[in-house]
Amino acid sequence: MEYINYGEFVYKNDELYCEDIPVSQIIRNVGTPAYIYSKKYITRKYLSFSDAFKEVDHKIFYAVKSNSNLSILKIFAGLGSYFDANSIGEIERVERAGVSPSRIGFSGVGKTEEEIEFALSNEILVFKSESEEEIILIDQIAGRLNKKALVSVRVNPDVDPHTHPYISTGLAENKFGINAADSLDVFRRCSRLKNVILDGIDMHIGSQINNPEPFVEAVSKLSEIFFTLKGEEINLKHVDVGGGFGIKYKTEIPLNIIATANKLIPLFKKLDCEIYFEPGRFLTANSGILVSKVLYSKKNMNKHFIIVDAAMNDLIRPSLYDAYHYIQPLMVLNGKKDIYANIVGPVCESGDFFAKERVFPLMSRNDLIAIMSAGSYGMVMSSNYNARLRPAEVLVDNHSFSIIRSRETIRHMLYDEEELLKG
Ligand code: LLP
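What counts, and where the lines are drawn
Residues numbered from 1 in each chain as written. Predicted model: local features only at pLDDT ≥ 70, side-chain atom pairs only at ≥ 80, totals over all residues. Heavy atoms only, no water. Domains from an automatic or database assignment. Contact = heavy atoms within 4.5 Å. Buried area = accessible area lost by both parts, 1.4 Å probe. Salt bridge = Lys/Arg side-chain N within 4 Å of Asp/Glu carboxyl O. Polar contact = N/O pair within 3.5 Å; in protein donor to acceptor, adjacent residues only side chain to side chain. Phe/Tyr/Trp six-rings, centres within 6.5 Å; stacked < 30°, edge-to-face > 60°. Helix = DSSP H or I, 4+ residues; strand = E, 2+ residues; numbered from the N terminus. Buried < 20%, exposed > 50% of the residue type's maximum accessible area, 1.4 Å probe, protein only. Lys NZ or Arg CZ within 6 Å of the ring centre and 35° of its normal. Patch = residues over 30% accessible without salt bridge, like charges linked within 9 Å, V, L, I, M, F, W, Y side chains within 5 Å. Areas by Shrake-Rupley, 256 points an atom, 1.4 Å probe, with all protein chains shown as cover. Lys, Arg positive; Asp, Glu negative; His and termini not counted. Charge placed at Lys NZ, Arg CZ, Asp CG, Glu CD. Near = heavy atom within 4 Å. Nonpolar A, V, L, I, M, F, W, Y, C, P; charged D, E, K, R; others polar. Pairing = 2+ DSSP bridges.

Asks: I'd love a proper account of the domain arrangement of the protein chain, names of residues and values included.
Replies: Split by domain assignment, the protein chain resolves into domain 1 (9–38 + 285–417) and domain 2 (107–279). For domain 1 and domain 2, the distance between their C-alpha centroids amounts to 36 Å. Each partner contributes to the interface: domain 1 provides nine residues, whereas domain 2 provides seven residues. Taking both partners together, domain 1 and domain 2 bury about 770 Å²; carbon and sulfur atoms supply 61% of that area. Counting the contacts that link domain 1 with domain 2 gives zero salt bridges. Linking domain 1 with domain 2 are two residue pairs in polar contact (both at pLDDT 80 or more).

Asks: With reference to specific residues and values, describe the packing of aromatic side chains.
Replies: The geometry of an aromatic ring pair is captured by the separation of the ring centres together with the interplanar angle, meaning the angle of the planes. Evaluated as defined, the whole model comprises 19 aromatic pairs. Measuring from ring centre to ring centre gives 6.1 Å for Y46 and F76, while their planes differ by 65°; the resulting arrangement is edge-to-face. Separated by 30 residues along the polypeptide, Y46 in helix α2 (residues 39–52) and F76 in helix α3 (residues 70–78) bring together distant segments of the chain. Judged by relative accessible area, which is 0%, F76 ranks as buried. For the pair F61 and Y276, a centre-to-centre distance of 4.8 Å together with 45° between the ring planes defines the contact as tilted. Placement of the pair is F61 in strand β5 (residues 58–63) and Y276 in strand β13 (residues 274–277), with a sequence separation of 215 residues. Exposure class is identical for F61 and Y276. Each is buried. Three or more aromatic residues link up through ring pairs in this structure, and these residues are F49, F53, F215, F245, F268, F277 and F282. The side chain of K128 reaches across the aromatic face of F61, ending 3.9 Å from its centre.

Asks: I'd like a rundown of a negative patch on the surface, residues and numbers included.
Replies: On the surface, a cluster of negative charge is made up of D158, D160, E173 and E217. Mapped onto the elements of the fold, D160 is located in the loop between β9 (149–156) and β10 (178–179). Since its relative accessible area comes to 36%, D160 is described here as partly exposed.

Asks: How would you sum up the side chain of N313? Please name residues and give values.
Replies: Among the secondary structure elements, N313 is positioned in the loop between β15 (303–308) and α11 (317–321). Setting aside anything within four residues of it in sequence, one finds N313 in contact with V347, M381, S382, S383, Y385 and R388.

Asks: I'd love a proper account of the site of the ligand, names of residues and values included.
Replies: Taken together, 17 residues sit near the ligand, with S207, E278, R317, Y321 and Y377 positioned nearest. R281 is positioned with one of its backbone polar atoms (N or O) 2.8 Å from an oxygen atom of the ligand. Contacts to the ligand include Y377, whose side-chain N or O atom sits 2.6 Å from an oxygen atom. If the ligand stood free it would expose 590 Å²; the protein chains cover 90% of that surface. Residue composition of the shell around the ligand, by class: six nonpolar, five polar and six charged. Per-domain counts for the shell around the ligand show at least three residues from each of domain 1 (9–38 + 285–417) and domain 2 (107–279).

Asks: Give a detailed account of the sheet that holds strand β1 (residues 9–12), specifying residues and quantitative values.
Replies: Within the open sheet, the three strands sit side by side as β1-β2-β3. Their pairing is antiparallel. A strand with exactly one partner marks an edge of an open sheet, and here the two such strands are β1 and β3 (21–22).

Asks: Go over the pattern of salt bridges with me, naming the residues and quoting the values.
Replies: Where charged atoms from two side chains of opposite charge approach closely, those side chains can pair. Scanning the entire structure with this criterion turns up 25 salt bridges. Note that E278 is salt-bridged to K128, the shortest N-O span being 2.9 Å. Of the two residues, E278 sits in the loop between β13 and α10 (281–284) while K128 sits in strand β8 (residues 126–129), which places them 150 residues apart along the sequence. By relative accessible area, which is 8% here, E278 ends up buried. In this structure, E130 engages R154 in a salt bridge whose closest nitrogen and oxygen atoms are separated by 3.1 Å. Residue E130 is found in the loop between β8 and α6 (132–145), and its partner R154 is found in strand β9; the two are separated by 24 residues along the sequence.

Structural data, given as structure tokens:
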């Protein structure tokens, strides 16, 4: 099999390092399964994104949903990032990472009254709204609290992002945004609300987009709406492009951010307003891996199964989207025979797999594997299914590493239920 370097995960002397530390050394301390992230990688990706768009006045709202560990949020805070949050929980996370609410945008297709009130009281920067009813509710709650709410309206530009249907969000048939044709009237009506200030127009067409064209097409559609509104004295201050910037899992040619910027910047210059972005995966996916240990190997009929100690509850992307994650041993296993293997977890479901029919060395008990590109939508989508305890998370910074979330314990998992049983 091929041993592949990803970002700061590089093979040196036949073993996988994260920055300057052998991953196996971290695992000796924290055990498996464990998520390991590189601070240097996140920093580099953030700066490269920002640099690509430096010709235009812009703000990057890191999409908290992709990885919301407080220590990861703190890295972004240190880089001067803004934050795209999707719930009260994500707003709390950002604030508890020490960030001012004035750096938070609040997205989401279904914000509750409680969430709107919380966000207004906390004075977040901007609501990104997806329905007229929600904007009217924001206006009412803002009036009651004697506040003014900045709102941007998410428009569904009906553009095909050519990605997995589950993560494609900008087609007319999706639940997201307000369709482009109706949006003008929504802007017009909402511009008359007393406690809402229309600040921008917003889009997010999907995730893992590896070609600039869908972005160009969608920004062009948003621009038409922007200029029509301008002609009617509805002057928006920003255009929000959303997230979706694709990365390399293995075979894809990843989105070239400089080429994408070069295509978008002329459109942005015409708009002559502030540009917002909401990248998640682009910044964090290849900052992280999930390390797991081989429990057993066996052969059923003609199929080889390598059973590892991580499972679908730890990283659900393969089970949920049939997503591809490259998997490789931490140590280069010279001289071991390559087989076609299914790499599976211990959960009682056939859908509990990480890879099917992959060329993989025949591994032994206690060998360690790295599931690559697991820094986004990994730990955040984990669960306690099968009453499994969630993995530890570790952050590497040059020669040192720190545990940024301990491995879950039975006490963590059962605390509330046991307290309730006590009555
Ligand atoms: N902004 C909004 C409003 C979003 O809904 C999302 C992601 C993002 C930004 C960030 O998108 P990104 O840059 O990370 O593509 N769980 C799926 C991905 C779901 C994405 C949901 N929205 C996966 O594991 O592939």
